[in-house]
Amino acid sequence: MLLNRAFELIEPKPIVPPSEWAKENIYFPSEITNYAGKFNLNLNPFIQKPLDSVVDINTKRVILNFASQVGKTTIQSILSIWLAIHRSQPQLWVFPTSSLATSFSKERLQKLMANCDAIKPYLPDNQKDHFTNLSMMLKCCTISLTGSNQPHLVKSRPIGNLFIDEQDSIKHEHSDHSGSVSLAIERTKSFDNSLIVMASTPSIESNTGELIADNFRQSNQQYFHVACLDCGHLAPIDFSNEEKFHVVWDRIKDATNKTDVNKACLSARIKCPKCGSLFNDEQKHQMLLHPNSQWIAENPNGNDGWEGFHANSLMSAWIKIGEGVRQFYQAKGSVNALRGFTNGFLAQTFYHTTEEAPDAINLTDLESEYEKGQIPPKCQTICLVDVQKYEFKVVVLAKDETGCFFIIDWIPDSMGFNQIQEISDRYKCEHTLIDARFNTQVILKECESRNWIPSRAFQTMTGFFDMQPISPEVGRKEKYGKKIYEFRWNKLEFSRQFFRMRNGEQGNFFLYKNAEYELKKELCAEVEIQTEDKKTGRTKYIIKKIYSHEHASDNTCLGISFFNFLNGQKPIENKVDEKPINKKPIIISGTSL
């Protein structure tokens, strides 16, 4: 009997899976959710397996390819606390920006910890010095948080458990080193049982291995199959795929022969692909809770230990079926809204084609309350010039303290350098940037005399932007003689950023009131399309012109890139300097446009 008792004492206790542990230990306060209370799997039962997949020591990655507001942050937050207690290894969270890292730590993770009795014995005695927003030194491990724009904070840090949040919003490469994600993944190799949890709403198709869709494609690709309440058939819930449970509704026309969206939303139901039965929102939730509903892997050739999960918005208890129909109709006719619906609601990648070009009419939604020529309060302004054969195309761009961009004025037919100077002075522009691709020698001489900044776009380059000293006579790099500084920027990177702003995804780009239709057409003149490299057969992405005049788009992308540069460092004034520069200039490489 004593021997049996000894074995009981030394025998390791079974690990309580995160989903069961969370029921007893996780409480969501009202400050972070409208549904305060203890963690309840009955609300979103499909998150149980993603949570419990980490119990298997062979699990190397958990990949959450989820729609917006479906529970990916909840899963990660619970796992962070559970892993701190049960697998005491250093943790690192990587976010798109440091401000997002701080906000998540302060507004969510710390509040969950404050309401979790299980973690309280591990909190430091002196929280003032050892428990900050970006570094929590627990007695069992350290939890660190960082933005992807600070890869130097990751370089020398061993990582046992890595969390990557909103992976598709992260910049994965920097000018002189690998990005934070690549560095962090490398640092997990210090632990034999390391775990990587990555979560994101998908964006576009890619073969780079950096986006959430890339990682999900390499995983075992699990989809949650629900059971029909009438025939028992198992299949995932989709919006339009008739081979799965899909959404149907009454297409009743109103007096103008358009679909009555309100009636469509009220009539929306989930249809079984086998027996044809229709189910409302309450029955949809019963299907999710059905004992036969389960995650099923569809890729037997996935990487060992890569647990991938896909969830669209229809699986959430908070999203009504009719809301999906409403968002679908709102997205019709606009590539911008369609991409948001595809990514954010369906959790699917978006494929750009020229047939899906943005509609200039929809840019009316981006018009602000400010008149043409009116500068919003607390703004920096810059003047941007695109050089043509007989005229200059000018855009005046402003940025306020909150990070919002405003097109203040658009002058498509400026006739000379003096008029550009008058425009720059009128709007008190801090800098004037002019494209130096054409009439280079003339442009550079004017830049030298007027203290303007010549600029040049590169389709590919090792960084995002740079300043290079060049000769004002010939435009070549100059180290020791007379020189001015040329601003060089990454065309692909900042076009992508502008496209997201133009699509309304970031809510920080605005036109003046009653902006001209031609301006809107020029802002929609380019799209990113998916194509195939004929030599390698690999998928690649290029910027394609779909309207002959893209001057406003080019100027705006230039302005966004330069404002990004200003946030990072003070620009160098153009002036004559006969002495060599002590600091070695950063050299960029790429193909000039």
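Residues numbered from 1 in each chain as written. Predicted model: local features only at pLDDT ≥ 70, side-chain atom pairs only at ≥ 80, totals over all residues. Heavy atoms only, no water.

A. Spatial organisation of the environment of Leu 511. Residue position: Leu 511 is located in the loop between strand S25 (509-510) and helix H16 (517-523). You can call Leu 511 buried: its relative accessible area is 0%. Sequence separation of Leu 511 and Asp 365 is 146 residues, and the distance between their C-alpha atoms is 9.1 Å. When neighbours within four sequence positions are excluded, Leu 511 is seen to be in contact with Leu 363, Leu 366, Glu 367, Ser 368, Ile 407, Lys 520 and Leu 523. (Helix = DSSP H or I, 4+ residues; strand = E, 2+ residues; numbered from the N terminus. Buried < 20%, exposed > 50% of the residue type's maximum accessible area, 1.4 Å probe, protein only. Contact = heavy atoms within 4.5 Å.)

B. Looking closely at the sheet that holds strand S15 (residues 278-279). On the basis of which strands lie adjacent, the open sheet formed by 3 strands has the order S13-S14-S15 and antiparallel pairing. Since the sheet does not close on itself, it has two edges, and those belong to strand S13 (246-248) and S15, each with one partner. Here 3 bridges tie S13 to strand S14 (residues 269-271), and the two strands are oriented antiparallel to one another. Counterpart to His 246 in the pairing with S14 is Lys 271. (Pairing = 2+ DSSP bridges.)

C. Here's a closer look at the nonpolar core. In this structure, Ile 26, Ile 81, Leu 138 and Ile 143 are the most contacted members of the largest nonpolar core, which totals 76 residues. Considering each element in turn, this core owes the most residues, 8 residues, to helix H4 (residues 72-86). Apart from residues no more than four positions distant in its own chain, Ile 26 is found in contact with Trp 21, Gly 37, Lys 38, Phe 39, Ile 78, Ile 81, Leu 112 and Cys 116. Formed by 38 residues, the second largest nonpolar core is a distinct cluster that contains Ile 407, Phe 499, Ile 543 and Leu 558. (Core = buried A, V, L, I, M, F, W, Y, C linked by side-chain atoms within 4.5 Å.)

D. Focus on the pattern of salt bridges. Overall, the coordinates contain 21 salt bridges when judged by the stated rule. For Glu 448, the salt bridge is made with Lys 445, and the minimal N-O distance between the two is 4.0 Å. Linking Glu 448 with Lys 445, this pair stays in helix H14 (residues 440-450), spanning 3 residues, or about one helical turn. By relative accessible area, which is 22% here, Glu 448 ends up partly exposed. The salt bridge involving Glu 486 is made with Arg 488; its shortest N-O contact spans 2.7 Å. By the burial criterion, Glu 486 is buried, and Arg 488 matches it. (Salt bridge = Lys/Arg side-chain N within 4 Å of Asp/Glu carboxyl O.)

E. Local environment of the side chain of Ser 553. Note on placement: Ser 553 falls in helix H17 (residues 551-568). Ignoring sequence-local partners within four residues, the contact set of Ser 553 consists of Phe 498, Glu 522, Leu 523 and Glu 526.

F. Structural view of H4. An ideal rise of 1.5 Å per residue puts 21 Å on 15 residues; H4 measures up with 21 Å between its terminal C-alpha atoms. When you tally the buried positions in H4, you get 13 out of 15 residues, the bulk of the element. (Expected span 1.5 Å × (residues − 1).)

G. The arrangement of unusual backbone geometry in detail. Located in the positive-phi region is Glu 166, a residue other than glycine, with phi close to 50°. Here Glu 166 lies in the loop between strand S7 (161-165) and strand S8 (173-174). A positive phi angle, near 55°, is found at Gln 221, a position not held by glycine. Tracing the sequence through the fold places Gln 221 in the loop between helix H8 (212-217) and strand S11 (222-227). Using a relative accessible area of 18% as the deciding quantity, one classes Gln 221 as buried.

H. Spotlight on a nonpolar patch on the surface. Together, Tyr 35, Leu 43 and Trp 318 make up an exposed nonpolar region whose accessible area comes to about 290 Å². Structurally, Tyr 35 can be placed in the loop between strand S1 (27-28) and strand S2 (37-38). The partly exposed category is assigned to Tyr 35, whose relative accessible area is 48%. (Patch = residues over 30% accessible without salt bridge, like charges linked within 9 Å, V, L, I, M, F, W, Y side chains within 5 Å. Areas by Shrake-Rupley, 256 points an atom, 1.4 Å probe, with all protein chains shown as cover.)

I. Structural detail: helix H13 (residues 417-426). Among the residues making up H13, those that are buried are Phe 417, Ile 420, Ile 423 and Ser 424. Looking straight down H13, one finds that the buried residues subtend no more than 120° of arc, so they occupy a single side. Tucked inside the fold, the buried residues of H13 contact strand S18 (379-387), strand S19 (392-400), strand S20 (405-414), strand S21 (431-435) and H14. Looking one or two residues beyond H13, the residue adopting positive phi is Lys 428, at roughly 50°. (Arc of directions from axis to C-beta.)

J. Molecular detail of the packing of H4 against helix H5 (residues 98-114). At a closest axis distance of 10 Å, the pairing of H4 and H5 adopts a crossing angle of 55°. With respect to their mutual orientation, H4 and H5 come out oblique. As H4 packs across H5, the resulting crossing turns out to be right-handed. Of the residues in H5, those touching H4 at Thr 73, Thr 74, Ser 77, Ser 80 and Ile 81 are Phe 104, Arg 108, Leu 109, Leu 112 and Met 113. Residues of the contact of H4 with H5, tallied by class, amount to 5 nonpolar, 4 polar and 1 charged. (Axes fitted to C-alpha atoms, helices over the stretch in contact; angles between N-to-C directions. Parallel < 35°, antiparallel > 145°, perpendicular 65-115°, else oblique. Left-handed = near helix turned anticlockwise from the far one by under 90°. Nonpolar A, V, L, I, M, F, W, Y, C, P; charged D, E, K, R; others polar.)

K. Local environment of the packing of aromatic side chains. Tallied over the full model, the rule gives 32 aromatic pairs. Here Phe 487 and Phe 562 contribute two aromatic rings whose centre-to-centre distance is 5.1 Å and whose plane-to-plane angle is 90°, an arrangement assigned as edge-to-face. Here Phe 487, found in strand S24 (residues 484-490), pairs with Phe 562, found in helix H17; they are 75 residues apart in sequence, far enough to count as distant. Exposure class is identical for Phe 487 and Phe 562. Each is buried. Through a chain of ring-to-ring contacts, three or more aromatic side chains come together here, namely Phe 239, Trp 249, Phe 328, Tyr 329, Phe 341 and Phe 345. One residue, Lys 244, lies across the ring of Tyr 223, its end atom 5.5 Å from the ring centre. One cation-aromatic arrangement involves Arg 251 over Trp 249; the distance from NZ or CZ to the ring centre is 4.2 Å. (Phe/Tyr/Trp six-rings, centres within 6.5 Å; stacked < 30°, edge-to-face > 60°. Lys NZ or Arg CZ within 6 Å of the ring centre and 35° of its normal.)

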